[in-house]
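Structural overview
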Amino acid sequence: MNREEMNWLLQTIKDAKNAEGFVLAQYERARISYQVMADVARERGWINRLANRFSTPQYATTALPIGIAC
């Protein structure tokens with residue numbers, strides 16, 4: 001699934017928390033790449049850029065727990 005497809009699907013989810021959970025679940029199940037997850041999160045304002053300034057795929061774990069806005 002690419003970024004455009006993900007954004008299209010997310011248009012149907014009204015609640016931001018559910019949308020976040022959906023994106024993380026897709027990443028955890030290897031349906032989207034880390035880059036797609038990060039791009040979607042940035043576009044939707046879920047990432048705190050200062051908290052993630054050293055977060056790159058080589059240092060990433062399974063999610064972006066620091067960067068997802070509460």
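The paragraphs below set out a description of the structure included in this document.

Thresholds, definitions, all that
- Residues numbered from 1 in each chain as written.
- Predicted model: local features only at pLDDT ≥ 70, side-chain atom pairs only at ≥ 80, totals over all residues.
- Heavy atoms only, no water.
- Helix = DSSP H or I, 4+ residues; strand = E, 2+ residues; numbered from the N terminus.
- Expected span 1.5 Å × (residues − 1).
- Buried < 20%, exposed > 50% of the residue type's maximum accessible area, 1.4 Å probe, protein only.
- Contact = heavy atoms within 4.5 Å.
- Phe/Tyr/Trp six-rings, centres within 6.5 Å; stacked < 30°, edge-to-face > 60°.

As a further point, take helix H2 (residues 16-28). Here H2 spans 18 Å end to end across 13 residues, near enough to the 18 Å set by a 1.5 Å rise per residue. If you check which residues of H2 are buried, you get Ala19, Glu20, Val23, Ala25, Gln26 and Tyr27. If you follow the buried residues of H2, they end up packed against helix H1 (3-10) and helix H3 (34-43).

Residue placement: Asn7 occurs in helix H1. Classification of Asn7 by relative accessible area gives buried; the value is 18%. If near-sequence neighbours (up to four positions away) are discounted, Asn7 is found in contact with Val40, Glu43 and Arg44.

One pass over the structure, following the stated rule, counts one aromatic pair. Ring geometry for Tyr27 against Tyr34: centres 6.2 Å apart, planes inclined by 70°, an arrangement best described as edge-to-face. Here Tyr27 falls in the buried class, since its relative accessible area comes to 18%. Residue classification places Tyr34 among the buried residues on the basis of a relative accessible area of 13%.

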